[in-house]
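# An overview of the molecular structure
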Amino acid sequence: MSAPREKVRFTSGDTDCAAWHYPGTGPACVIMAAGLGVTKEPGTDPFARRFHEAGFHVLAFDHRHFGESGGTPRQLGRIKDQLADWQAAIAFAPTLPGVDPARLAVWGFSLAGGHVLRVAARNPQLAAVIAQTPTADGPAAARNAMRHQTPLAMGRLTGRGLLDALGGRLGRDPLLVPLAGRPGTVAVLTTPDAAAQPSPLDPHGRYPQWQQAIAARSTLPLACYRPGRDAPRIRVPLLVLACEQDRSALAAPAVRVARQAPDAELVLLPGGHYAPFTTMHERAVEAELAFLRKHL
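A few words now on the overall build of the protein chain. Of regular secondary structure, the protein chain possesses eight helices and ten strands. Taken over the C-alpha trace, the protein chain has a radius of gyration of 18 Å; the compact-globule value for 296 residues is 19 Å, and the two agree within 12%. Across the 296 residues that make up the protein chain, the buried fraction comes to 59%. For the protein chain, restricting intrachain contacts to residue pairs at least 6 apart in sequence, the fraction spanning at least 24 positions comes to 74%. Carbon and sulfur atoms form 53% of the exposed surface of the protein chain, whose accessible area is close to 12200 Å². Taking the average location of the 32 positive side-chain charges in the protein chain and that of its 24 negative ones, the two points are 7 Å from each other.

What follows is about the pairing of strand β3 (residues 29-33). β3 sits mainly inside the fold: five of its five residues count as buried. Side-chain alternation along β3 places C29, I31 and A33 on one buried face and V30 and M32 on a second face that is also buried. Relative to strand β4 (residues 57-61), β3 runs parallel, the two sharing four bridges. Within β4, the residue paired with I31 across the bridge is L59. Across five bridges, the pairing between β3 and strand β5 (residues 104-109) is parallel. The residue of β5 that forms the bridge with C29 is L104.

Counting buried residues in strand β6 (residues 128-132) gives five out of five residues, a clear majority hidden from the surface. The alternating pattern of β6 places A128, I130 and Q132 and V129 and A131 on opposite faces, both of which are buried. Pairing analysis gives five bridges linking β5 to β6, with the strands arranged parallel. Note on β6: the bridge partner recorded for F109 is Q132. Crossover handedness for the path β5 to helix α3 (residues 111-122) to β6: right-handed.

All right, on to the environment of V58 then. Locating V58 in the fold gives a position in strand β4. With 30 residues separating them in the primary sequence, V58 and A28 have C-alpha atoms 8.6 Å apart. Once you skip the residues sitting within four places of it in the chain, V58 turns out to touch W20, H21, Y22, C29, V30, M32, A48, F51 and H52.

Turning next to the packing of helix α2 (residues 79-92) against α3. At a closest axis distance of 10 Å, the pairing of α2 and α3 adopts a crossing angle of 60°. On the basis of the axis angle, α2 is oblique to α3. As α2 packs across α3, the resulting crossing turns out to be right-handed. In contact with I79, Q82, L83, W86, Q87 and I90 of α2, α3 contributes L111, A112, H115, V116, R118, V119 and R122. For the contact of α2 with α3, the class distribution of residues is eight nonpolar, three polar and two charged.

So, on to the packing of aromatic side chains. One pass over the structure, following the stated rule, counts eight aromatic pairs. Plain terms: the ring middles of F10 and F92 are 5.3 Å apart, the flat faces sit at 25° to each other, and that makes the pair stacked. One end of the pair, F10, is in strand β1 (residues 6-12); the other, F92, is in helix α2, and 82 residues separate them in sequence. You'll find F10 and F92 in the same group, each marked buried. Put simply, the rings of F47, F51, W107, F109, Y274 and F277 pair up and form one aromatic cluster. Over the aromatic face of W20 sits the side chain of R5, whose NZ or CZ is 4.0 Å from the ring centroid. The ring centre of W20 lies 4.2 Å from the NZ or CZ of K7, which sits over that ring.

Moving on to a nonpolar patch on the surface. Among the surface-exposed residues, L163, L166, L170 and L175 lie close enough to one another that they form a single nonpolar patch of about 370 Å² accessible area. Within the secondary structure, L175 sits in the loop between α5 (151-169) and β7 (176-178).

Here S110 lies in the loop between β5 and α3. Beyond its immediate sequence surroundings of up to four residues, S110 is in contact with G35, Q132, T133, P134, T135 and H273.

Quick notes on the rules
Residues numbered from 1 in each chain as written. Predicted model: local features only at pLDDT ≥ 70, side-chain atom pairs only at ≥ 80, totals over all residues. Heavy atoms only, no water. Helix = DSSP H or I, 4+ residues; strand = E, 2+ residues; numbered from the N terminus. Rg over C-alpha atoms; globule rule 2.2 N^0.38 Å. Buried < 20%, exposed > 50% of the residue type's maximum accessible area, 1.4 Å probe, protein only. Contact = heavy atoms within 4.5 Å. Areas by Shrake-Rupley, 256 points an atom, 1.4 Å probe, with all protein chains shown as cover. Lys, Arg positive; Asp, Glu negative; His and termini not counted. Charge placed at Lys NZ, Arg CZ, Asp CG, Glu CD. Pairing = 2+ DSSP bridges. Right-handed = clockwise from strand over helix to strand, strands pointing away. Axes fitted to C-alpha atoms, helices over the stretch in contact; angles between N-to-C directions. Parallel < 35°, antiparallel > 145°, perpendicular 65-115°, else oblique. Left-handed = near helix turned anticlockwise from the far one by under 90°. Nonpolar A, V, L, I, M, F, W, Y, C, P; charged D, E, K, R; others polar. Phe/Tyr/Trp six-rings, centres within 6.5 Å; stacked < 30°, edge-to-face > 60°. Lys NZ or Arg CZ within 6 Å of the ring centre and 35° of its normal. Patch = residues over 30% accessible without salt bridge, like charges linked within 9 Å, V, L, I, M, F, W, Y side chains within 5 Å. Salt bridge = Lys/Arg side-chain N within 4 Å of Asp/Glu carboxyl O.

If you want it as C-alpha cells, here you go:
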C-alpha cells in the first residue's frame, strides 16, 4: 500500500473496532468493510487506495472479533454485532478531521454488501451506498452452496456449528472451520468461486496475518439472513455491482435489490464472486468512482 493512512479505533458495543483512515482532500468519506471473516486489508485495500487517490476520505474497518478489532472469542461473526459495528463507524466517521457528516457513503463486499443494504434502510441520512457482489438472500445462497458440496461434508459442517454453539454456551473456545475449501471438505464455502486457491483476495500472500477461518457457529444464522428484503425501504442512492457468474452470493438476488430500491443503479459485470478484485477490477473501480463522484 502506497497510500498514506493512519490506524484509528472507535468504540462499538463493549469493545472497539480497528480501522485504517485514509485522509482525503475533500469532505466526503467512504466507510468500508469486507465479507464474512475477511479483514480490512485483503477485503478493502484495492478499492480504498483508489477511492483515496480520487480525493475521498476512507474509513476501512475490521468487524469486532476479527483482525485488529477487539472482542472475544476470536473469529466469531454475529450479524447483529456486525450491524452495530456499522452504526458505530457511521457515528465515528464525522469526528475525523475534514469529514462532512452530510457526505458519508458506505461500501460493503459479499456479506458486508448485504449488511450495507440493511444499514442504508436504517440510515436515510447517508449520501450513497455501494453493495458489491452482496449476499442479499441467505437462503438462496445456502441452497446454491449445497449444490457444490457433498451431503456428508454439509452434515459435518452443520454438526460442527451446533457443537460450537453448545460449546460457546459452556465458555469453550470456538471450533474453527476454513472460509473456503474444495467440495467434500468441511468449509464455509466450496463453490467454484471459493474453491480457487490461493484466495483471490490474497493471491500473492501479502496478508499473512489474515486468519482464513471462522467459528463454526457463525455459519448457522447465514441461511436465514435476507437483507435484500430491505430494498424497498432504502431511500439512499444505491449502486449494486453484481457479477453474472457469481456462484457464492449469486447475481439474481442482487439484481432484484436494484430493481426494488427506489433510487438504485445496477452494474452487471462478467465473472465470478471475486471478479471485482481480479479480472474486472478496473471496470468495478471506474463504476464505483463515477457513482461516488455523482452523489458525494
